[in-house]
Amino acid sequence: MAADYSICLGTAGWGVWHSPDAGKRWIRHRAPFPLNSRIQALVAHPTQPHSVLAGGDTGLFVSHDGGARWERIGADGTVPTIWSLTIDPVDPQTLFAGTRPAGVYRSRDSGVHWEKLPLDIARECSIGTPFVTSVIVDPDDHRTVWAGVEIDGVFRSRDGGDSWVHLETGLYDPDIHAVTIAATQPKRLYASTAREVFTSDDLGESWEPLGIRDKWPLPYARGLMVKIDDPGVLFAGCGETTTGEKGFVLRTTNIGESWEILPLPSQPNATMWGLATHPADSNRIVAFSLFGEVYVTEDGGGSWRKIAREFGEIRAAVWVPN
């Protein structure tokens, strides 16, 4: 296998780990990350193939060489702890950050300056302080933006973030873990929660459950990922609970009617927390468990290898071509 790509991992307390050779060697970056940084979000730049942004409890950072070197963007404390991050695919200078305490912030200058957007999110919930787990931009209409909140459901803006509405019809579980969009006909939104995966084919106006308790080996839904070159294919990570002792990666090719368990080389040690893809190779997917295991497929999920090194608590992953 050609080591023609880099992997970056965002961890809880250990900042960013970087592999320049597809997972063989690893480096934990210290500078410019403050000691014990929690990196909750990693995102690949849509037009700069080697650039990655990282956000967490110590601010926003960027690498222009696949994760080998990093620099801070703006000043620490400009926004609260970043839990989710996205780049406008049409105007890459526009960023959206989801935070804890729950809020959505927008930058129009690549993260140097930020403004808090007017979402009426709950200030308290059953887990204490809500936080924004997902922010996504519609690639066909970049003025349409969605934000998923743990715990307060899904919000939508149709004007680039200037105003927002709370989407509630059919979404009876507001514990949102991830939101993603598939360019099917019609366009389809997916939202995962602690007990279900919901889907919407009207931009979030109404939602229907997929009934995963009867279809999945474990009921706790976490990461979601649509295959870049086939919007009819959805990957999902699941587990027993937030900190369960095992997990699975699942795939559906029929909008969630049926699912297959993908053949990981060993039983993961915890919930499969997230998945990462990149337009450079739609068949390469990096999946990770909450407690430090990383798996890679080069054939769209048909076969997988486990990265030999194990880490602490992983919160985000990204891969980019070298």
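Heads up: these notes are all about the structure in this document.

Calculation criteria
Residues numbered from 1 in each chain as written. Predicted model: local features only at pLDDT ≥ 70, side-chain atom pairs only at ≥ 80, totals over all residues. Heavy atoms only, no water. Helix = DSSP H or I, 4+ residues; strand = E, 2+ residues; numbered from the N terminus. Buried < 20%, exposed > 50% of the residue type's maximum accessible area, 1.4 Å probe, protein only. Polar contact = N/O pair within 3.5 Å; in protein donor to acceptor, adjacent residues only side chain to side chain. Contact = heavy atoms within 4.5 Å. Pairing = 2+ DSSP bridges. Axes fitted to C-alpha atoms, helices over the stretch in contact; angles between N-to-C directions.

### Structural notes on the side chain of Arg-156
In this structure, Arg-156 sits in strand E14 (residues 153–157). Residue classification places Arg-156 among the buried positions, given a relative accessible area of 7%. Among the polar contacts listed, one links the side chain of Arg-156 to the side chain of Glu-205, at a separation of 2.6 Å. Once residues within four sequence positions are removed from consideration, Arg-156 is found in contact with Thr-144, Val-145, Trp-146, Ser-163, Trp-164, Val-165, Leu-167, Asp-202, Leu-203, Gly-204 and Glu-205.

### Notes on the sheet that holds strand E4 (residues 39–44)
Note on sheets: strands pair through backbone hydrogen bonds, and any given pair is parallel or antiparallel. The 4 strands lie next to each other as E4-E5-E6-E7, forming an open sheet whose pairing is antiparallel. Looking along the sheet, the strands with just one partner apiece sit at the ends: E4 and strand E7 (71–73). Averaged over all neighbouring strand pairs, the angle between strand axes comes to 30°, with direction disregarded. Relative to strand E6 (residues 59–63), strand E5 (residues 52–56) runs antiparallel, the two sharing 5 bridges. Paired with Ala-54 across the bridge in E6 is Phe-61.

### Quick look at the sheet that holds strand E23 (residues 260–261)
Read from one edge of the open sheet, 4 strands run E20-E21-E22-E23, paired in antiparallel fashion. Looking at strand neighbours, the two that pair on one side only are strand E20 (220–227) and E23, the edges of this open sheet. Both E20 and strand E21 (residues 230–239) contribute to a ladder of 6 bridges, which runs antiparallel. Counterpart to Val-226 in the pairing with E21 is Leu-234.

### Observations regarding the pairing of E21
Of all 10 residues in E21, 7 are buried, a share of seventy percent or more. Bridge count between E21 and strand E22 (residues 247–252): 6 bridges; the pairing is antiparallel. When the sheet's bridge partners are listed, Phe-235 is paired in E22 with Arg-251.

### Observations regarding unusual backbone geometry
Backbone geometry follows two general trends: most residues other than glycine have a negative phi, and most peptide bonds adopt the trans configuration. Cis rather than trans, the peptide bond between Ala-31 and Pro-32 has omega equal to 0°. Here Pro-32 is to be found in the loop between strand E3 (27–29) and E4. Between Arg-100 and the following residue, Pro-101, the backbone shows a cis peptide bond with an omega angle of 0°. For Pro-101, the location among the structural elements is in the loop between strand E9 (95–100) and strand E10 (103–107). Look at Leu-203: it is not a glycine, yet its phi comes out positive at around 65°. When you line up the elements, Leu-203 lands in the loop between strand E18 (197–200) and strand E19 (208–209). The exposure class of Leu-203 is partly exposed, given its relative accessible area of 25%.

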